[in-house]
Amino acid sequence: MMPGPAGTTDAFRRWFADRGWEPFSFQEQVWRAVAANASGVLHAPTGTGKTLAAWLGAIARSADLDAVNEKPLAGLRVVWVTPLKALAADTVRALEEPLAKPNPVVRGWSIGVRTGDTSVADRRRLRANWPTALVTTPESLSILLSLDDSHEIFGSLDTVIVDEWHELLSTKRGVQTELALERLRSLRPSLVTWGLSATLANLDDAVAALVGPTRAADARLVSALIPRRLEIETLIPEPMERFPWAGHMGMRLLPQVVAAIDRASTTLVFTNTRSQAERWYDAIGAARPEWKKTIALHHGSVDRELRTKAEEGLRRGKMKCVVATSSLDLGVDFGPIEQVLQIGSPKGIARLLQRAGRSGHAPGAVGRLICVPTHALELIECAAARGSVAAGVVEARRPLVNALDCLAQHIVTVACSGGFRADDLLAEVRRTRAFADLDDASWHWALDFAARGGPALAAYPNYAKIVERFGRWYIASPAIARRHRMGIGTIAGDATVEVKWLRGGRLGTVEESFVSRLNEGDRFLFAGRPLVLFRFDGLTAWVKRSRTTAALQVPRWNGGRMPLSTLLSSAVLDLVGNATQPGAGRTIPREVAAVLPLLEIQSRWSRLPNRNTLLVERWEGRDGHHLFVFPFEGRLVHEGLASLIAWRIARSKPATLTLACNDWGFELSGRDAIIADERTWRRLLSPADLLEDLLACLNSTEMARRHFREIARVAGLVSGAQKSDRQTQASAGLIFDVLAEHDAGNMLLAQARREVLEQQFEFCRLRDALEALAAKEIRIVETPRISPLAFPIWAEFVQSRLTTKDWLTRITDMARELEQAATVSGRA
Amino acid sequence: MRIRPTDSTSQNVDADILLLPGRAALLPATATLLVADLHLGKAATFRSAGIPVPEGSAQSDLARLERLVHDTSARRLVILGDLFHAKSGCTETVFAEFAATRTRFKATEVILVVGNHDRAVSRIPSSLGIESSVKTLHEPPFHFVHEPSTGLSEPDRTCFTISGHLHPTIAIRVPGGDRIAERCFVAEESLLVLPAFGSFTGGQRVEPADGLRLWIARDDGVVDVTRLALLAMRAT
């Protein structure tokens, strides 16, 4: 191993010494590894100096290479990939800091930004004169790789650094990043790659995905063993009797929350959904009008300018409190935050750690987090999370494999940048972890998909995105290249509408489905302001300030609801199961002690589930028959289980069942009694024929069709929301139907089904769950009333329906039900 | 105006307008078959823009059209606009497929009430066998147009208007129960809007309201859901 010239590292030691700091040993480890041309992953808690470790290492490497070459290379030397474009500006600030002071090593370094927000003029300026370091996103990096001079742009690159790698890891954007990194390494074989990650249970996967499985053995895994002191506690409602059994807002604890904010200098209040953030921001502001100027709201739909103001306020220490969603989970130091409040269950241990790490963000300081449950049973989730953090366990994030939509997109990207030979690109793609096991058939299909739309036999006349000339594949036309680049940048999402003041100024975006339900004059809460809808013209919701704050609606944004992780689910089940008999030597956490009266009602009306028994409750209400099942496997697995069991019930006798679930269990309900004894339940829960049954029920629940949306976008089947392109606007659902009918072998349909199975239902977890359930005793209990554990599921919105009736019967039955309901309410 | 759904193509039902399975309507008095919004060549338009949508939907739509003409023994076929989707999708093949279908019902007169999409297709070849292309067709008591001029609200006092353009769909939901969403026929006092005939076409939700009549329009049947849709709306 050849360490770099002593001068470089010494220069950085001096840089640290100037600030009265001492480099951490992990920082020196990274510097030494980078100097030795090694790639790797650095994992450390937030706020410990990961950025400096990677950045100074990269600068030193370039300086060393220049010293060897005896003249500095022109052009891009370092690419810094950040998962969110919103973080780019902060990242630039952090990277510029070591460049500020005169230092011979950093002379000549400049930093540029290229994200989806970069203006056309700035892009042109960049292309004319590349900086030495470029901060960018996975999407923008792919766009740069699609340019026909990409081999020149990246020809002088020494180091690429992927920030917050754990965030990208288990997503399609992670696959896109893997492909882009491999492409960069083909253009520049000497490239060194580093990933910065929070702690994960599967760091090996994180390394393999970053550098490719064949190079993983030579890659370094550097851990920052800095004990981050965290204090986590839970607000316990008093008196407990009046605390609700279900709900998502948890406003009952407002006085305690306000008191906690009052005590600290600066508080970050994290919520799990944007609606929650709106409500809490509004409630805190109403409780303490004098904080008006020093509290702010921050979530993904609030206009960028308003968010930046909130971030600036935090940085300058001017804020008393900022209410935020995951929009503030990531990012560089926000400065002095004394404590973090988590409204609602944190749902995962890694997430809790990430959010707690937002406070006390200076080396050596203590992070403080207070969990605020929104309903009684969430107290148990808080206890489970607290216990797991103390035990030092954390979840894994599994990288995706064989995402053919990403591959199809990448093939066209590479074709745009001067073409490729099929064998070369296949070899390159197979060097990534995501496509290491890609079979020949899938590769040929993806190539055909780009070249002909589908396999040669299917009918896609007059179509070509890429064409073959003399053994190389090229993009078919500049127009197709242009459209492809636009497609790379678009982010999947529901149709959104801009919210603007009538007198000018933007407030942000809301889902179109919310605005279209409103009438002119309706009042709603958005971006922390009470608003009246003045006019909605299809593109913009024009609003005025509402003078009253009564009866405001709150938009419900889709998505953003995290399932409880497997680790936490199992910890929760243990706490519930042992609540009344903790066993020798075990103490009950305070949170659980507080909900004991509720758990006692549960065991009186029904029973408490535990590790060895599966609880099934049957309850007959006015609206029909309900079954509640409590496997404690997290929301996603419950969705899969509920669909599977509903389908198995409805297979033998035509029926329509509605499904609802939460992280603890699921509910099936229908008009007719669902009679099932233990033997029937064994059959319903059998792991046999699981895949066949799940595929069959996918079709009857339309889940694959709904899931197709994202795949269709990545693969270029639906264009982004470009209003000018009206003639090629079609919903992903419609395309799904056309493909299913006229090209049933299309592998993107198969991918949609596979993704629902693997991601939506977490197929492996589902199969494991069924196998575990097979070993459990099944206890079926008729409950006189809806039990405390069942109540939160019952209060959930109906999530899906499954029907095996034909459409005419459904219409007849719907009519009968509605007529009956109308007669009843008419009499009342 | 007596509008009746029928589950077969028999014309014995006593009505002025018959709503047929397969998203078409028939005027028994004049043996006129009505369809709207075929959007032929839409898949080709997508492909020419680099979006791989397979062939097949236009061919199956044309086959369905041919069956309807034969089953109803229609003397006339009136297409209420948007026969073609866009200029870039009007390939020789698309025209040829229509022309070939057309030759299989030579005895039937074909009239195109030109729609906004058709207007963008600058030249519709005479070889297609479309006898006349008109902006509107006025045949009291009926008035045929592509776009119902001002949505569904303004009644034409003298005539009953039949149109396309809107691609109406209806969603019906029983609170806590079943939910169904389908293409539909929608009518008010003096207007009937046909569902889109083409299978590769999107839809526009119609909100139930007093005075609005609704029929679910499927390939295998037509069902009146006027009362059901109103009840469902009031129940939510």
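Residues numbered from 1 in each chain as written. Chains lettered and ligands numbered in written order. Predicted model: local features only at pLDDT ≥ 70, side-chain atom pairs only at ≥ 80, totals over all residues.

## Digging into the overall build of chain A
Argument step 1. The number of helices and strands found in chain A is 31 helices and 26 strands.
Argument step 2. In terms of C-alpha radius of gyration, chain A reaches 28 Å, essentially the compact-globule figure of 28 Å for 828 residues.
Argument step 3. Taking the intrachain contacts of chain A between residues at least 6 apart in sequence as the baseline, contacts between residues at least 24 apart amount to 75%. (Helix = DSSP H or I, 4+ residues; strand = E, 2+ residues; numbered from the N terminus. Rg over C-alpha atoms; globule rule 2.2 N^0.38 Å. Contact = placed C-beta atoms within 7 Å.)

## Topic: the overall build of chain B
Argument step 1. A count of helices and strands for chain B gives 5 helices and 16 strands.
Argument step 2. Seen along its three principal axes, the alpha-carbon backbone of chain B occupies a region of about 50 × 40 × 30 Å.
Argument step 3. The long-range fraction of contacts in chain B, counting pairs at least 24 apart against all pairs at least 6 apart in sequence, stands at 66%.

## Overview of the interface of chain B and chain A
Many analyses report the size of an interface as the accessible area lost when the parts associate.
Argument step 1. At the interface, 34 residues of chain B touch 43 residues of chain A.
Argument step 2. Breaking the side of chain B that touches chain A down by element, the ones donating at least two residues are helix H1 (42-48), strand S12 (179-188), strand S16 (221-224) and helix H5 (226-235) of chain B.
Argument step 3. Counting residues per element, the side of chain B that touches chain A draws most heavily on H1(B), at 5 residues.
Argument step 4. Of the residues belonging to the side of chain B that touches chain A, the class tally is 18 nonpolar, 12 polar and 4 charged. (Nonpolar A, V, L, I, M, F, W, Y, C, P; charged D, E, K, R; others polar.)

## Considerations on unusual backbone geometry
All names here are of chain B.
Argument step 1. In this chain, Pro140 is followed by Pro141 through a cis amide linkage whose omega measures 10°.
Argument step 2. Among the secondary structure elements, Pro141 is positioned in the loop between strand S8 (137-139) and strand S9 (142-144).
Argument step 3. In this structure, His39 is a non-glycine residue whose phi angle is positive, near 50°.
Argument step 4. Counting through the fold element by element, His39 comes out in the loop between strand S4 (32-35) and H1.
Argument step 5. His39 gets classed as buried once you count the C-beta atoms within 10 Å, which come to 27.
Argument step 6. Although it is not a glycine, His165 sits at a positive phi angle of roughly 80°.
Argument step 7. Positionally, His165 belongs in the loop between strand S10 (160-163) and strand S11 (168-173).
Argument step 8. His165 gets classed as buried once you count the C-beta atoms within 10 Å, which come to 21. (Buried ≥ 20, exposed ≤ 12 C-beta atoms within 10 Å, placed from the backbone.)

## Quick notes on the sheet that holds strand S23 (residues 656-661) of chain A
Residues and elements named next belong to chain A.
Argument step 1. Strand order in the open sheet formed by 6 strands is S25-S21-S22-S24-S23-S26, with mixed pairing between adjacent strands. Strands with a single pairing partner mark the edges of an open sheet, and in this sheet they are strand S25 (777-782) and strand S26 (800-803). Taken pair by pair, the neighbouring strands of this sheet meet at an average axis angle of 20°, ignoring direction.
Argument step 2. Two strands pair when backbone bridges link them, and strand S21 (residues 613-621) and S25 are joined in this way by 6 bridges, in the parallel orientation. (Pairing = 2+ DSSP bridges. Axes fitted to C-alpha atoms, helices over the stretch in contact; angles between N-to-C directions.)

## A word on the nonpolar core
Argument step 1. Grouped together as the largest cluster of nonpolar side chains are 299 residues, with contacts concentrated most on A:Ile735 and B:Val35.
Argument step 2. Those residues in contact with A:Ile735 that lie beyond four places of it in its chain are A:Ala712, A:Leu717, A:Val718, A:Ala730 and B:Val53. (Core = buried A, V, L, I, M, F, W, Y, C linked by C-beta atoms within 7 Å.)

## Let's talk about the sheet that holds strand S3 (residues 24-27) of chain B
Residues and elements named next belong to chain B.
Argument step 1. In space, the 7 strands of this open sheet follow the order S1-S2-S3-S4-S5-S6-S7, with mixed pairing throughout. Bordering the open sheet on either side are strand S1 (3-5) and strand S7 (132-134), each of which pairs with just one other strand. Neighbour to neighbour, the strand axes of the sheet diverge by 25° on average, direction disregarded.
Argument step 2. By the bridge criterion, 4 bridges tie strand S5 (residues 76-79) to strand S6 (residues 109-113) in an arrangement that is parallel. Bridged to Arg76 within S6 is Glu109.
Argument step 3. The sheet strands contacting helix H2 (residues 57-72) are strand S2 (17-20), S3, S4 and S5, and the helix crosses S4 at an angle near 155°.

## Points about the domain arrangement of chain A
Argument step 1. The domain architecture assigned to chain A consists of domain 1 (6-223), domain 2 (230-391), domain 3 (404-489), domain 4 (496-545) and domain 5 (606-705 + 761-812).
Argument step 2. Here the C-alpha centroids of domain 1 of chain A and domain 4 of chain A sit 41 Å apart. (Domains from an automatic or database assignment.)

## Section: the pairing of strand S12 (residues 339-343) of chain A
Residues and elements named next belong to chain A.
Argument step 1. A large share of S12 lies buried, amounting to 5 of its 5 residues.
Argument step 2. With 4 bridges joining them, S12 and strand S13 (residues 367-372) adopt parallel strand pairing. If you follow Ile343 over to S13, its bridge partner there is Val372.

## Section: the environment of A:Arg19
All names here are of chain A.
Argument step 1. Of note, Arg19 is situated in the loop between helix H1 (6-18) and helix H2 (25-35).
Argument step 2. Judged by the 9 C-beta atoms lying within 10 Å of it, Arg19 is exposed.
Argument step 3. When the C-alpha positions of Arg19 and Phe536 are compared, they lie 55 Å apart, and in sequence the two are 517 residues distant.

## A few points about helix H3 (residues 50-69) of chain A
Residue and element names in this part refer to chain A.
Argument step 1. Over its 20 residues, H3 extends 29 Å from the first C-alpha to the last, a length consistent with the 28 Å expected when each residue adds 1.5 Å.
Argument step 2. The buried fraction of H3 amounts to 15 of the 20 residues, a majority that puts the element mostly inside the structure.
Argument step 3. One or two residues past the end of H3 sits Glu70, with phi positive at roughly 65°. (Expected span 1.5 Å × (residues − 1).)

## Focus on the pairing of S23(A)
Residues and elements named next belong to chain A.
Argument step 1. Of all 6 residues in S23, 6 are buried; the element is thus mostly enclosed.
Argument step 2. Going residue by residue along S23, you find Thr656, Thr658 and Ala660 tucked away on one face and Leu657, Leu659 and Cys661 tucked away on the opposite face as well.
Argument step 3. The sheet contact formed by S23 and S26 spans 4 bridges and is antiparallel. What sits directly across from Thr658, in S26, is Arg801.
Argument step 4. Relative to strand S24 (residues 666-670), S23 is paired through 4 bridges, and the arrangement is antiparallel. Looking across to S24, one finds that Thr658 is bridged to Ser669.
Argument step 5. Counting the residues that bridge the hairpin from S23 to S24 gives 4 residues.

## A word on the packing of H2(A) against H3(A)
All names here are of chain A.
Argument step 1. It is the contact of H2 with H3, at a shortest axis distance of 9 Å, that shows an interaxial angle of 30°. Taken together, the axes of H2 and H3 lie roughly parallel to each other. Read as a crossing pair, H2 and H3 show a hand that is right-handed. Residues Phe26, Gln27, Val30, Trp31, Val34 and Ala35 of H2 touch H3, and the partners they reach there are Leu52, Ala53, Ala54, Leu56, Gly57, Ala58, Ala60, Arg61 and Asp64.
Argument step 2. Broken down by class, the residue content of the contact of H2 with H3 amounts to 11 nonpolar, 2 polar and 2 charged. (Parallel < 35°, antiparallel > 145°, perpendicular 65-115°, else oblique. Left-handed = near helix turned anticlockwise from the far one by under 90°.)

## A short note on the packing of helix H15 (residues 378-391) of chain A against helix H22 (residues 590-605) of chain A
All names here are of chain A.
Argument step 1. Where H15 contacts H22, the two axes come as close as 8 Å, and the packing angle between them is 160°. In terms of their interaxial angle, H15 and H22 are classed as roughly antiparallel. Seen from above, H15 lies across H22 with left-handed handedness. Between H15, through Leu379, Ile380, Cys382 and Ala383, and H22, the contact on the second element is made entirely by Glu591, Val592, Ala594 and Val595.
Argument step 2. Split into classes, the residues belonging to the contact of H15 with H22 amount to 7 nonpolar, no polar and 1 charged.

## A closer look at the environment of A:Arg123
All names here are of chain A.
Argument step 1. With respect to the helices, strands and loops of the structure, Arg123 is situated in helix H5 (residues 120-128).
Argument step 2. You can call Arg123 partly exposed: it has 14 C-beta atoms within 10 Å.
Argument step 3. A sequence separation of 547 residues divides Arg123 from Gly670, and the C-alpha atoms of the two residues are 57 Å apart.
Argument step 4. In contact with Arg123, other than residues within four places in its own chain, are Arg114 and Thr118.

## Description of the environment of B:Ala15
Residues and elements named next belong to chain B.
Argument step 1. Within the secondary structure layout, Ala15 lies in the loop between S1 and S2.
Argument step 2. Each C-alpha atom, one on Ala15 and one on Pro5, is 9.2 Å from the other, the two residues being 10 residues apart in sequence.
Argument step 3. Setting aside residues no more than four positions away along its own chain, Ala15 makes contact with Arg2, Ile3, Arg4 and Pro28.

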